[in-house]
Amino acid sequence: MISIKNLHASINGKEILKGINLEVKAGEIHAIMGPNGSGKSTLSSVLAGKEDYDVTEGEVIFNSKNLLEMSAENRAREGLFLAFQYPIEIPGVSNINFLKTAINEIRAYNGKEAIEAKDFLALIKEKQKLVELDSKLTGRSVNEGFSGGEKKRNEIFQMAILEPKLAILDETDSGLDIDALRIVASGVNKLRTKNNAFIVITHYQRLLEHIVPDFVHILYNGQIVKSGTKELALELEAKGYDEIKHQFEKAEG
Amino acid sequence: MIAERSITAQKIIESISVKANKVGFVIEAELTEALQYLETKGIPNNKHEDYKYCNMDAVFKKEFKNIVQEYNEIKNSDVKPYKLEEAINLVVANGNYNESLSDKIIVKGITIKCLNDLSGKDSRIGSLAKSSADAFISLSNAFSGNGIYLQVQKGNVIQMPINIIYINSTKAESMINPRSFIHIEANAEVTISERFANVGKKSFSNFVSEKLVEENAKLTSYSIQEEGTESFSVNTNQVKVGRYATYDNTTVTLSGQLVRNNHNVLIAGENSQSHLNGLFLTSGTQLVDNHTLMDHQVPNCESSELYKGVINEKSIGVFNGKIYVRKDAQKTNAYQSSKNILLSDDATINTKPQLEIYADDVKCSHGTSTGKIDENALFYLKARGIGEESARKLLLAAFANEVVDKIQIESLRMHLETKLNNLY
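Rules and cut-offs
- Per-chain numbering applies: the sequence of each chain, read as written, is numbered from 1 onward.
- Here the convention is simple: chains get letters from A, ligands get numbers from 1, in the order in which they are written.
- Two thresholds apply to this predicted model, a pLDDT of at least 70 for residue-level local features and 80 or more for giving and counting side-chain atom pairs, whereas whole-chain, interface and lining totals are computed over all residues.
- This entry defines residue contacts through backbone-placed C-beta atoms, with two residues in contact when those atoms are within 7 Å.
- Runs of H or I in DSSP of at least four residues are treated as helices and runs of E of at least two as strands, each being numbered from the N terminus.
- As a working rule, the residues Ala, Val, Leu, Ile, Met, Phe, Trp, Tyr, Cys and Pro are called nonpolar, Asp, Glu, Lys and Arg charged, and the rest polar, with Gly in that last group.
- Should DSSP find at least two bridges between two strands, the strands are regarded as paired.
- Helix axes are fitted only over the stretch in contact, all axes being lines through C-alpha atoms; the angle between N-to-C directions runs from 0 to 180 degrees.
- Put plainly, a residue is buried at 20 or more neighbouring C-beta atoms within 10 Å of its own, exposed at 12 or fewer, and partly exposed in between, counting only other residues' C-beta atoms, which are placed from the backbone.
- In these notes the angle categories are as follows: under 35 degrees is roughly parallel, over 145 is roughly antiparallel, 65 to 115 is roughly perpendicular, and the rest is oblique.
- Crossing handedness is defined as follows: a turn of the near helix away from the far one that is anticlockwise and smaller than a right angle gives a left-handed crossing, while the clockwise case is right-handed.
- Start and end positions for the domains come from either an automated domain assignment or a database one.
- Expected span of a helix: the number of residues minus one, times 1.5 Å.
- What makes a nonpolar core is a set of buried Ala, Val, Leu, Ile, Met, Phe, Trp, Tyr and Cys residues, with links drawn between C-beta atoms within 7 Å.

Looking now at the interface of chain A and chain B. Residue-level contacts link 19 residues of chain A with 17 residues of chain B. Residue assignment for the side of chain A that touches chain B shows that the elements contributing at least two residues are helix H2 (72-77), strand E7 (90-94), helix H3 (95-109) and helix H6 (148-162) of chain A. For the side of chain A that touches chain B, the residue count by class is 12 nonpolar, 3 polar and 4 charged.

Right, here's the structure in full:
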């Protein structure tokens, strides 16, 4: 699905990612955990194509294509989806118009005709149920006036509509109460198939009780310093990040 | 100094008075005052505080050196694109109300006349546009065409909107002084759109409209300016709002090399509401200057303003909003907002709120923002597969629609949406 090799990226001359290696196959869920400032959000932004970052070294192959050469919109059209940590409010652009434009641009890119109005409405209805999103919200402007939980659910709702091959969930659990967390996680679990994959970026182990990962990676200081199975997350939860920091600071020193 | 100031004014007067007809509806004293004003104060240049960014003297010197006052006859086919299917269409052609180009629909409660037919019969005509106020009002008082008088009689709620088309067609550099008096009597209601077009050569349109909204009446008005690159205009609205009355205006400026709007609202009746909304989209070397005045003279009134600009290339936008709260105007609630998007590094916006408050128990606020297109929003849309161009269009349309959505005449709103979509 995606193969990240020796990825280095910097912002304003400061190197944040210092050689990331990661291989994700179809059907897998990978969790990336790490303390604040380790580069978790930078990794998701770089993969999604945010232009603020400079990729200085390395390559990313997504479904046999060079991801780093693609524009952000083409990455999305190829099936990459980023659930934002802080979804943007866009006053004046209705959720419906936004989703319809997105679907149709993706379809056009893949040589398909625009979606029929009735099929679109049916799709909206079906996916709304999945994340228990109030139908009133879809009529409003994108994320405008949404609560934190509603914004996160709207991200999962968009993901459900666009059916990406690879979804990156950037701290989707942050700011969620336990009910919202359960809804978001169950949405993800229902969308999981053997043909798609997820990268779940999180600070806490909590989300991983609901979305059970196949692999857990620990990101520290711009590198993946440890990989394992779901037990690694539990270990991390018990010991905290301090031990990791301690261990690798010493190694560096 | 005085002689220096009046050179431009003298030249204009000389070139246009040759072919000008006597203005029938302006009283002699106002006419004398108008000429005196022009002689002593002249056409305002950038030293005049209200024309700081809009040097009209320089515009006349550069662009209207040879005013010839020659016009083409306006034909039905010229007017047709500006007519609205669901409205009563009235035409003011080259400054004169033209009955034969207008719709022949008779609606109960509406009176339509030529302004000159009202000479001496209605002292209200001219009462809101005093020569002493401004050079362009003076020019209108001295040289106005035979414009339109529209009255909605007491208690009549007019369902059908009225569309007044002010259309000019000049053969070469000429000045036109279109004029209107809109009179909404007590308890009457109407929606009026005013569309401005130029189908000829270079023209200067000096438009003046007096709008009297009497007790508990409601006037919803739209000013749609799409006069093209050969057109220069000053558009003055002198509005008086009575007790419990509502005045709403939405002004959309799509084109015009120079467009100066003076929108002055005299809030003269208690418990009234006045709302001004504006949208201007500029490009090339256009200058669009919106000057508004909310003059709160009495207590318990509400006013709001929302002006939005999308400024591209080397064009310049101006918003100057003055809120004047007089000593007696307690419990005034006035709000003003100016939001702008600059699409190029060479584009300029000058925005200035001007609050003068002499009452102590009021709520007045203003806000202004200017920026580029929101990069975070752009990235969010792109991250969902929406291409750069579509994403920009979506964001600009969202910005503009806050104003365009105020327009309740559907065919007019759709016309604007289509126009805007092609502009971005």
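Text resumes after the structure shown.
This part covers the sheet that holds strand E16 (residues 302-311) of chain B. Residue and element names in this part refer to chain B. Pairing in this open sheet of 10 strands is mixed, and the strands run E2-E1-E5-E8-E10-E12-E14-E16-E18-E20 from one edge to the other. At either end of the open sheet lies a strand with only one pairing partner, and these are strand E2 (96-98) and strand E20 (363-371). The sheet shows a mean angle of 15° between the axes of neighbouring strands, taken without regard to direction. As judged from the 3 bridges shared by strand E1 (residues 88-93) and E2, these two strands associate in the antiparallel manner. Residue pairing for E2: Ala-93 is matched across the bridge by Asn-96. Sitting on the sheet, helix H7 (residues 388-404) is in contact with strand E12 (246-255), strand E14 (273-282), E16 and strand E18 (333-342), with an inclination near 150° to E16.

Take helix H5 (residues 135-143) of chain B next. Counting buried residues in H5(B) gives 9 out of 9 residues, a clear majority hidden from the surface. Within H5(B), the full set of buried residues consists of B:Ala135, B:Phe136, B:Ile137, B:Ser138, B:Leu139, B:Ser140, B:Asn141, B:Ala142 and B:Phe143.

Here we come to the environment of A:Ala48. Examined against the element boundaries, A:Ala48 turns out to sit in helix H1 (residues 40-48). Counting along the chain gives 36 residues from A:Ala48 to A:Phe84, while the straight-line C-alpha distance between them is 10 Å. Those residues in contact with A:Ala48, other than ones at most four positions away along the chain, are A:Ala72, A:Arg75, A:Leu80, A:Leu82 and B:Ala383.

Right, let's get into the packing of helix H4 (residues 117-130) of chain A against H6(A). Residues and elements named next belong to chain A. Their axes nearest at 9 Å, the elements H4 and H6 cross at an angle of 135°. As judged from the angle between their axes, H4 and H6 are oblique. The handedness of the crossing between H4 and H6 is right-handed. Between H4 and H6, the residues in contact are Leu-123, Lys-127, Gln-128 and Leu-130 and Phe-157, Ala-160 and Ile-161, respectively. Looking at the contact of H4 with H6 residue by residue, the class counts come to 5 nonpolar, 1 polar and 1 charged.

Turning our eyes to something else, we now look at the domain arrangement of chain B. Residues and elements named next belong to chain B. Domain annotation for chain B reports domain 1 (70-373) and domain 2 (374-424). One C-alpha centre belongs to domain 1, the other to domain 2; they are set 25 Å apart. Counting only elements with at least two residues in the side of domain 1 that touches domain 2, the list comes to strand E8 (189-198), strand E10 (218-226), E12, E14 and E16. Per-element tally for the side of domain 1 that touches domain 2: the top contributor is E14, with 4 residues.

Attention now moves to the sheet that holds strand E12 (residues 223-228) of chain A. Two strands in a sheet stick together by hydrogen bonds in their backbones, pointing the same way (parallel) or opposite ways (antiparallel). Residue and element names in this part refer to chain A. Within the open sheet, the 6 strands sit side by side as E6-E9-E10-E3-E11-E12. Their pairing is mixed. Two strands lie at the open edges of the sheet, namely strand E6 (80-83) and E12, each paired on one side alone. For this sheet, the mean angle separating the axes of adjacent strands, direction not counted, is 20°. Relative to strand E9 (residues 166-170), E6 runs parallel, the two sharing 4 bridges. Bridge pairing in E9 links Phe-81 to Ala-167. Against the sheet, H6 contacts E6 and E9, and its axis sits at roughly 165° relative to E6.

Looking now at the packing of H7(B) against helix H8 (residues 410-423) of chain B. Axes are the key here: two packed helices are described by the angle between their axes and the distance separating the axes. Residue and element names in this part refer to chain B. Two elements in contact, H7 and H8, have axes whose closest approach is 11 Å; the angle formed by their N-to-C orientations is 150°. Between H7 and H8, the crossing angle belongs to the class labelled roughly antiparallel. For the element pair H7 and H8, the recorded crossing hand is right-handed. Note on element contacts: H8 touches H7 through Arg-413, Leu-416, Glu-417, Leu-420 and Asn-421, opposite Lys-393, Ala-397, Ala-400 and Val-404. Each residue belonging to the contact of H7 with H8 can be placed in one class, and the counts come to 5 nonpolar, 1 polar and 3 charged.

Peptide bonds are, in most cases, trans, and in most cases residues other than glycine have a negative phi. One non-glycine residue, A:Ser64, adopts positive backbone phi at about 60°. Within the secondary structure layout, A:Ser64 lies in the loop between strand E4 (54-62) and strand E5 (65-66). Since 6 C-beta atoms lie within 10 Å of it, A:Ser64 is described here as exposed. Of note, B:Asn300 is a non-glycine position whose phi angle comes to about 60°, a positive value. Its location among the elements puts B:Asn300 in the loop between strand E15 (287-296) and E16. Classification of B:Asn300 as partly exposed rests on a count of 16 C-beta atoms within 10 Å.

The next thing to look at is helix H7 (residues 178-191) of chain A. Compared with an ideal rise of 1.5 Å per residue, which puts 14 residues at 20 Å, H7(A) spans 20 Å between its outermost C-alpha atoms and is within 8% of the ideal. In this fold, the buried residues of H7(A) make contact with H4, H6 and strand E10 (197-202) of chain A.

By size, the foremost hydrophobic cluster in this structure holds 194 residues, and its most contacted members are A:Ala83, A:Ile168, A:Val200, B:Ile165, B:Ile167 and B:Ile184. Per element, the largest residue contribution to this core is 9 residues, and it comes from H7(B). In this structure, this core is formed jointly by two domains, domain 1 (70-373) and domain 2 (374-424) of chain B, each of which donates at least three residues. Residue contacts for A:Ala83: discarding those within four places in its chain leaves A:Glu155, A:Ile156, A:Met159, A:Ala167, A:Ile168, A:Leu169, A:Asp170 and A:Thr172.

This brings us to the pairing of strand E17 (residues 316-325) of chain B. All names here are of chain B. The element E17 is largely enclosed, with a buried count of 9 among its 10 residues. Where E15 and E17 come together, 10 bridges link them in parallel fashion. Note on E17: the bridge partner recorded for Asp-289 is Val-318. Summarising the sheet, E17 and strand E19 (residues 348-357) pair through 10 bridges and their orientation is parallel. Residue pairing for E19: Gly-317 is matched across the bridge by Ile-349.

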